[in-house]
Amino acid sequence: MKNDYKKYTMVFLITLGIFILVFVLVSMVNDRKLESIDDLQRKITADLIATETQFDLLKTAPCGTLDDTLLSRELGELGEKLDFVQDSQGINSTEFQQLKKYYSLLQVKDYLLMEELSNKCDVEIDSILYFYSGDCINCQKQGYVLTELKKRYLDIRIYSFDTDLDFSVIGTFVSLYDFEEIYPTLIINEKVHQEFQTLKKLEKMFPNLIEEREEIKRIEQGTAFVLFLEKYKDVDDNDIEFIEAIDSVYEYQVVADGSAELVFLRYDQKEEVFVLEKE
Amino acid sequence: MEYFLYIFLFISLYFQVFLLVSYFEKNDEIKPVVSLDPEYLSITIIVPCFNEEKTVGKTIESLLGLQYPDEKLIIMIIDDGSTDNTWSEIQKYKDRPRIKLFQKENEGSKFAALNFALPLVETELVGVLDADSWVEPDALEHYMEFFADPEVMATIPSMVIARPDSFLRRAQKAEYDIGLFARRAFHRINAIYITPGPFSVFRKYVFDTLGPYQEAHHTEDAEIALRMQKHHYKIAYSEKSVVYTVGPKTLRPLIKQRVRWIYGFLRNVYDYRDILFKKEYRSLAMVVLPLGIFRVFITVILFPLAMWLLILPLYKWISKIWTVGYNPVWSWSIDWFFVGITQIQLIAILGILVSIMTLWMGRELVGDKRKFTIDIFYMFFMYTFIAPIWLIKSSINALLSRKQSWR
């Protein structure tokens, strides 16, 4: 009989041991994830400060940095990672909340910096401010749409703010645009949209982005056309370089047999095909 | 709510570990005696049949094929008021010296057919074999290793699903194989709480002293075992004795069967509740029966939650595709950041691995060489999606003490 209780206790300890092991293992993995988020955040902070400092030093905007979309990409990655940790791993510790607040702060900083750069360098920057909350029905869907939009148009800057976070900066932002607390709320070109926006609607709001993407596609199409020419059948992808497009004439440089040649193609808008202009 | 899930997982895992430890334990009270010249006790095997014209022939043939001294073996076939050709089917055997045929009116439950036969038994042992089961030739012989101990009052066999030919039967095959593992674990700690219809053999002394079978909510095989346990009668498990049985082929009869089993289990344990947590009954009363009941009820409570956890990610995925279309980005470089596992998932995976391991151990017991087969997945499917139906139904019935119909 005594042995029985010994056994029950032993089995209990084994089971408890397995449970503890599982919990320790998972929390170790999750800690590592939070750490890597922290690292990424530090890196972004450094980059942001670098841009700001450059700004201050030159007294004018360093317009060259505008081309560098790396920062926004990293911010996007950071957001994705935070979302994953919260949704799939169910983490919502104070440490995590802190990271998320910091992320919001970085986004605001990046936004302000970009606003200033665009004013001074006279460049249009496509950005979306997105406010959401946990209990809103369409926010999940809106999130999917924005993720997809970002995937299609890398240059677009999407700043997302979780209004459930008890964070004054977000509150200030909300009062700045003075909108009612209905979510999802999107601010695009200073205009407040307080309903779910489909992918198509959003794409329409950024016509130049679509145009740009079309252009990239067209340039690729032109490259394919050149490759297809009898004369360049031994040439591969890397030997063709797009130079420029004036009106509907696309200029390519082709390296064949060690010498560079220029090829001009005309794009036929109606038929949506290329024709050889001159070699 | 999540904490309930953890508690449930903890108890399930506790039970699995408990069985694993028990499996390797030594049973000091019951030890098989293997001898070259075993003593063959005289035995009467009762075969109750109700509308079993298709299988009863095979059942009788297998009994006739038993390696056992002719003069020690009597086979009693009881036609329990069948409305099909069972009676004419068993007439083929009426001239065999070892076989006695009886016909009685059906009284609605199997226990009546068994009790009809019991007073006619004059042998030392009484066996029961359902008419949809058949035995291996050496099954009875191996029983003698246990009955050599005069204190062993009953012995049960290794039950294997015969020729699984449908999804549900394959699932049951895997389930029964895990059952073999559990049966041996229960045997090792003297906690067998069922003497199933397919080939349980008792000493006649059991019925002489404890009385005949009872109605027992249509699970007379659970009641008699609990009654024996209550009186400290020893029940052994002879793993080398293999008996084949057929499981329900389709959903409806399967659910009906399981509702009857679980309802019967719950009600019988309730009827014998005075043995629960009594020290003298050791692990049976302290762990096996209480956890058995607990697992039934907790599954009922937690099934909706588990479903929710399963369906939620699926719902998210579908709604994503619905809003932005399906356009995955294929890439060989995995960002390990996005590979994660939660505590519940990890524990569930552990539980599944232990289940598969115990299934293999069960198959090892009966010498089944094919260890990893598709039926394992069928079983998990059955236990995830179908078992809750019978668990919920039988618990509700048990709580409302609603009467079950037999078959």
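Scroll up to find the structure this text is about.
Here the structure is a predicted model, which is why all the values come from computation and not from measurement.

Cut-offs and rules
Residues numbered from 1 in each chain as written. Chains lettered and ligands numbered in written order. Predicted model: local features only at pLDDT ≥ 70, side-chain atom pairs only at ≥ 80, totals over all residues. Contact = placed C-beta atoms within 7 Å. Helix = DSSP H or I, 4+ residues; strand = E, 2+ residues; numbered from the N terminus. Axes fitted to C-alpha atoms, helices over the stretch in contact; angles between N-to-C directions. Parallel < 35°, antiparallel > 145°, perpendicular 65-115°, else oblique. Left-handed = near helix turned anticlockwise from the far one by under 90°. Nonpolar A, V, L, I, M, F, W, Y, C, P; charged D, E, K, R; others polar. Buried ≥ 20, exposed ≤ 12 C-beta atoms within 10 Å, placed from the backbone. Pairing = 2+ DSSP bridges. Right-handed = clockwise from strand over helix to strand, strands pointing away.

K.L.:
Which parts of the structure should I look at to understand the interface of chain B and chain A?
P.N.:
By a widespread convention, an interface's size corresponds to the accessible area lost as its parts come together. Tallying the contact residues gives 24 residues for chain B and 27 residues for chain A. Broken down by secondary-structure element, the contributors of at least two residues to the side of chain B that touches chain A are α1 (2-23), α10 (282-324) and α11 (343-365) of chain B. Counting residues per element, the side of chain B that touches chain A draws most heavily on α10(B), at eight residues.

K.L.:
Honestly, the packing of helix α9 (residues 251-271) of chain B against helix α12 (residues 375-399) of chain B in this entry has me stumped. Any pointers?
P.N.:
When two helices pack together, their arrangement is given by the angle between the helix axes and by the axis-to-axis distance. Residue and element names in this part refer to chain B. Axis separation between α9 and α12 bottoms out at 8 Å; the angle between their running directions is 45°. Between α9 and α12, the angle falls in the class oblique. The crossing of α9 and α12 is right-handed. For the pair α9 and α12, the contacting residues are I255, R258, V259, I262, Y263, L266 and R267 in the first and I389, W390, L391, K393, S394, N397 and A398 in the second. The class makeup of the residues in the contact of α9 with α12 is nine nonpolar, two polar and three charged.

K.L.:
Help me understand the packing of α1(B) against helix α6 (residues 167-188) of chain B, please; the structure alone is not making it clear to me.
P.N.:
Residue and element names in this part refer to chain B. It is at 8 Å that the axes of α1 and α6 come closest, and there the two elements cross at 65°. Comparing their axes, α6 and α1 come out roughly perpendicular. Between α1 and α6 the crossing geometry is left-handed. On the side of α1, the interface is formed by L19, S22 and Y23, while α6 contributes F181, A182, R184, A185 and R188. Here the contact of α1 with α6 is built from residues that sort into five nonpolar, one polar and two charged.

K.L.:
Please clarify how the pairing of strand β8 (residues 234-245) of chain B should be interpreted in this entry.
P.N.:
Along any regular strand the residues' side chains alternate between the sheet's two faces. Residues and elements named next belong to chain B. Extensive coverage of β8 is indicated by the burial of ten of its twelve residues. In terms of strand pairing, strand β5 (residues 133-135) meets β8 through three bridges, oriented antiparallel. Paired with V135 across the strands is V243, a residue of β8. Direction of pairing for strand β6 (residues 152-161) relative to β8: parallel, over a ladder of eight bridges. Directly across from S158, in β8, lies its bridge partner V242.

K.L.:
Please explain the pairing of strand β2 (residues 157-162) of chain A as it appears in this structure.
P.N.:
All names here are of chain A. Counting buried residues in β2 gives six out of six residues, a clear majority hidden from the surface. With six bridges joining them, strand β1 (residues 127-132) and β2 adopt parallel strand pairing. Bridging across to β2, I128 finds its partner in I158. Read from β1 through helix α4 (residues 139-152) to β2, the crossover connection turns out right-handed.

K.L.:
Looking at this model, I keep getting lost on the sheet that holds strand β4 (residues 125-128) of chain B. Mind explaining?
P.N.:
Residue and element names in this part refer to chain B. What the eight strands build is an open sheet, ordered β3-β2-β1-β4-β7-β6-β8-β5; its pairing is mixed. Sheet topology places β3 (99-104) and β5 at the edges, where each strand pairs with a single neighbour. Across the sheet, the mean angle separating the axes of adjacent strands is 30° when strand polarity is ignored. In this structure, β4 lies alongside strand β7 (residues 200-203), joined through four bridges in antiparallel fashion. Paired with G127 across the strands is V201, a residue of β7. The strands touched by helix α2 (residues 56-64) within the sheet are β1 (43-49), β2 (73-80) and β5, with β5 carrying the most contacts at an inclination of about 15°.

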